[in-house]
Structure formats: structure tokens, C-alpha cells
Amino acid sequence: MVRVNTNYKNLKQNYLFANIAKKLSDYTAAHPTAKIIKMGIGDVTQPLSIPVVEALVKASFEMGVKETFRGYAPDEQGYSFLKLSIADYYKNNSNVDLDEREIFVSDGAKSDVANFTDLFSNDNTIIIPDPVYPVYLDSNIMLGRKIILINGNDANGFLPLPTEGLQGDIIYLCSPNNPTGAVYTKDQLKQWVDFAIDRNAVILFDAAYEAFISDSDLPRSIYEIPDAKRCAVEFCSLSKTAGFTGTRCGYTIVPEELIVDGESLNNMWMRRQTTKFNGTAYIIQRAAEAVFSKEGLESCKTIIDYYRGNAKIMTDTMSKLSIWHTGGLNSPYVWMKCGMDSWEYFDTLLNDINIVGTPGSGFGRCGAGYFRLTAFNTRENTIEAMERFSKLFK
Ligand code: MLT
């Protein structure tokens, strides 16, 4: 008789954003004329930039011509043209040197972050900050692993640090943080790097929101911290940087000097990916290459500035209404206190002002009493949403 993985019984019934989507579709079925403003899942609203679209079109035509058609890529981990662009980006932004062999191109950070757990034995203890992007937690619950949650709260600025007596083997860090928008400083990240090296632990560092950092002193890559290549894997994505939520492209950095339990994680990830993944589409990789061109990066900056402008409108409104909030400055997320159960607040906003956000408790028990709104909207919708807020909470 087939037996299923019973660890799935330990998951919440639905993935957080699937839950919200269901609540929203129930509401719109009952209120078809409601003008809903979606500030829940962090999905971008601004289109792909012109250089990216031009690259997509050009690559698509190449695929229709015998001489330039491409089948399986010679290297499923990414074409050199893209990996070299990513390496340049790291050099220019973070002064980090990457070898092409350390870069693995994929369809996004979410899948890589979840799949990377394949490389570790199930008897490892996992350290996960709370509140947290639910993928880290769920993917380890699926494997029945022991998980230690470390508290992020008002007192530590939602940036938990290693403490005396903390024991664990794999540490998830997300900076700028989803959901709180908090960003670790170099000194704080160094504490984690020292902790990991000291205990032969590995840090899985999610840098998906690095492009939103506006303060030049804050690290955009964990490899800005000396020795981090000995203990950390970094995941990044073009979803939020360049509007690729529907186009799908990300990359994972697995340093060559990262040796764990006598094994090279780079070799293991290569072995895993060559078996289970056939690479990101050529046309998408050409589009991603265009993101890193001079014009591409300028366009990204313009779009990120636009979202930052939205975040400013949101945080100014919260300040005026004396609502405690953080984030929004180096992140597209504004994290606010809601003064009631997070799901009750969700219902209030949906029913009373037709705004959809994300309940803080969906990101963990430390998120209870908090709420997350995204700045990924149009300017018009952001202004309208904040007017509705002001009327409701005046
Ligand atoms: C979020 O809203 O937390 C993100 O959009 C989810 C994701 O990137 O998968």
C-alpha cells in the first residue's frame, strides 16, 4: 500500500497566499462591483522594461530560425552570458567576486530556497526567524525536521541575532526582510557568519529584495561579510527587482569554498540540479541579461523608485494616523501594528474599505497583531488606498 508523507499533516491547511486568494475570490463573488485594491501578495504592477522586452522579442525570433535555434542548453545552470552579467552586478554593487561556476540560474528564488533543503540530512536542526516568509518553514515541515523559531519583535527591530546557547545547523535569513522590511547591518550579519563558522552551520540567505536597499551602508549580499563564502548560500530573484513575477528568473550562489560535512555544496547542488532541473528558457535568460545592461539597470531603478514613492505615501499616512509601522524604506513592504487579531483586521479592511493585505500572523506567531501591506501597486491605487485608510481610522 502506498503511504504518503505524513509530515504534510503538520502544515497549515493552505499556503498563506492561497488562503488569501480564496478569501478574496469568495468576497468578489459575493460583491462583484467592489473596487478592491490588492496590497496582499507582493506582486509587481509595473510592466517589463523596454530593454527586457526587446531582448525577449529578439531571442524569440532567434528560436524561430534554424541557424540560431537552441534546444537543451550546453549548461543547464545558465548560459555564460547571463552568469557573467550577474557576476558583474555583484562586483559593481557589493564588491564581491564570483566565479561563473558559483552561479546557478533558475526559475526563481522560491523554488531554489525550498529545493536546496534536499542537500541536507533530515536530522539537522533548522533555525528560522519568526515572522518569516512561509516557504522556509513549510519546506522543512514537509521533511519532518526539528525547527527552532527565533523571535523577531519590536524590541530587536525584527532582526533576531544569535544568542548564547542557540544550537542549530541550518539558518534561514532574509534581508531586507519579508515580511517586516527590516535589514541587517554588516555588524549584525557578521554575528551570524561568526556563529555559523563556529558551529559548522550553513546560512541560507534570501536576498530577493536587495535592490530595494537605499541606504548604501547596508549590505546587499551576505558575501560583503568576510568569510561568508565559507558558510552561506545566497538566493536572489528578478521578480521584484525587474518585474519578473510572471516571467520567472532567479539565481542561487553556492560558493566553491563552501564545504559541509566534507562535501562541496556546489558539487551537490550541481548534481541535484542536473538530475531534477533542465534549465531556464533561453529567451528568459536573454531577458534577464538585459536587466543587467546599463539601460536595464536604469529602468529597474526608475521602477523601484516608483514603488519607493508608493511606500512613502503609505508610511506618511500611517504616521499621520499614529499607526505604528516599520519597513518601506529599504523594502517594498510596510509592516504595521493592527491592534487586534491579524485575520480580524484582514476582514475589517476587506469588508469596510475593500483593501486586501496580509495578516502578520500568517508569517508566524510573532506576526500576531501585525499586518503587511505592499507598495507594489499603481500610484493611483496607493493614494486611493491611503485615502480609504484615513477615512476609516481618522
Ligand atoms: C510575498 O508576497 O511574500 C511574495 O510575493 C511571495 C513570493 O515572493 O513568493
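Just so it is clear, the structure is predicted and the values come from calculations on it, not from any experiment. (Residues numbered from 1 in each chain as written. Predicted model: local features only at pLDDT ≥ 70, side-chain atom pairs only at ≥ 80, totals over all residues. Heavy atoms only, no water.)

Asks: Could you give me a rundown of the sheet that holds strand 8 (residues 250-253), with the residues and numbers involved?
Replies: Pairing is mixed in the open sheet, where seven strands are placed in the order 2-8-7-6-5-3-4. A strand with exactly one partner marks an edge of an open sheet, and here the two such strands are strand 2 (103-106) and strand 4 (146-151). For this sheet, the mean angle separating the axes of adjacent strands, direction not counted, is 20°. Its contacts with the sheet place helix 6 (residues 186-199) against strand 3 (125-130), strand 4, strand 5 (170-174) and strand 6 (202-206), and it is angled at close to 165° to strand 5. (Pairing = 2+ DSSP bridges. Helix = DSSP H or I, 4+ residues; strand = E, 2+ residues; numbered from the N terminus. Axes fitted to C-alpha atoms, helices over the stretch in contact; angles between N-to-C directions. Contact = heavy atoms within 4.5 Å.)

Asks: Let's hear about the pattern of salt bridges: which residues, and what values?
Replies: Under the defined criterion, the tally for this structure stands at 22 salt bridges. One salt bridge connects K58 with E62, and the closest N-O pair in it is separated by 3.6 Å. Of this pair, K58 and E62 both sit in helix 2 (residues 50-63), four residues apart, which is roughly one turn of that helix. Take K58: its relative accessible area is 57%, and that puts it in the exposed class. (Salt bridge = Lys/Arg side-chain N within 4 Å of Asp/Glu carboxyl O. Buried < 20%, exposed > 50% of the residue type's maximum accessible area, 1.4 Å probe, protein only.)

Asks: I'd love a proper account of the site of the ligand, names of residues and values included.
Replies: Taken together, F17, I41, G42, Y133, N178, Y209, K240, Y333 and R372 make up all the residues around the ligand. Within the side chain of N178, one N or O atom sits 2.8 Å away from an oxygen atom of the ligand. The contact in question runs from an oxygen atom of the ligand to an N or O atom on the side chain of Y333, over 3.5 Å. About the coverage of the ligand: the protein hides 85% of its 270 Å² of free accessible area. Here the residues of the shell around the ligand sort into five nonpolar, two polar and two charged. Each of domain 1 (13-48 + 295-392) and domain 2 (51-293) contributes no fewer than three residues to the shell around the ligand. (Near = heavy atom within 4 Å. Polar contact = N/O pair within 3.5 Å; in protein donor to acceptor, adjacent residues only side chain to side chain. Areas by Shrake-Rupley, 256 points an atom, 1.4 Å probe, with all protein chains shown as cover. Nonpolar A, V, L, I, M, F, W, Y, C, P; charged D, E, K, R; others polar. Domains from an automatic or database assignment.)

Asks: Describe the state of the cysteines, with residues and values.
Replies: This model, assessed by the stated rule, comprises zero disulfides. With no disulfide of its own, C174 lies closest to C236 among cysteine sulfurs, the gap being 10 Å. The exposure class of C174 is buried, given its relative accessible area of 4%. With no disulfide of its own, C338 lies 14 Å from the sulfur of C366, the closest cysteine sulfur. (Disulfide = S-S within 2.5 Å.)

Asks: Any chance you could break down the side chain of T241 for me, citing the residues and the numbers?
Replies: By the secondary structure assignment, T241 is in helix 7 (residues 239-242). One polar contact links the side chain of T241 to the main-chain carbonyl oxygen of S237, over a distance of 3.4 Å. Residues contacting T241, with those up to four places away along its chain left out, are A208, E210, A211, C300 and I304.

Asks: Which residues make up the packing of aromatic side chains, and what values do they have?
Replies: Summed over all chains, the structure comprises 29 aromatic pairs. Seen from their ring centres, W335 and F363 are 6.2 Å apart, and the 70° between their planes marks the pair as edge-to-face. Separated by 28 residues along the polypeptide, W335 in strand 12 (residues 333-337) and F363 in the loop between strand 14 (358-359) and strand 15 (370-374) bring together distant segments of the chain. Grouping residues by exposure puts W335 and F363 together as buried. The structure contains a cluster of three or more aromatic residues connected by ring pairs, namely Y15, F17, F158, W324, W335, F363 and Y370. (Phe/Tyr/Trp six-rings, centres within 6.5 Å; stacked < 30°, edge-to-face > 60°.)

Asks: Requested: an account of the domain arrangement of the protein, with residues and values cited.
Replies: Domains assigned within the protein are domain 1 (13-48 + 295-392) and domain 2 (51-293). Centre-to-centre, using C-alpha coordinates, domain 1 lies 25 Å away from domain 2. In this assembly, 33 residues from domain 1 lie in contact with 44 residues from domain 2. Three residues stand out in domain 1 for area buried against domain 2, namely Y15, L48 and N330, and they jointly supply 24% of the buried area on that side. For the pair domain 1 and domain 2, the interface holds two salt bridges. (Buried area = accessible area lost by both parts, 1.4 Å probe.)

Asks: Let's hear about the packing of helix 11 (residues 342-353) against helix 12 (residues 379-393): which residues, and what values?
Replies: Helix packing for two helices is described by the angle between their axes and how far apart those axes are. One can describe the packing of helix 11 onto helix 12 by two numbers: an axis separation of 11 Å at closest approach and a directional angle of 105°. Here helix 11 is positioned roughly perpendicular relative to helix 12, judged by the angle of their axes. Where helix 11 approaches helix 12, its residues Y345, L349, D352 and I353 are matched on the opposing element by R388, F389, L392 and F393. (Parallel < 35°, antiparallel > 145°, perpendicular 65-115°, else oblique.)

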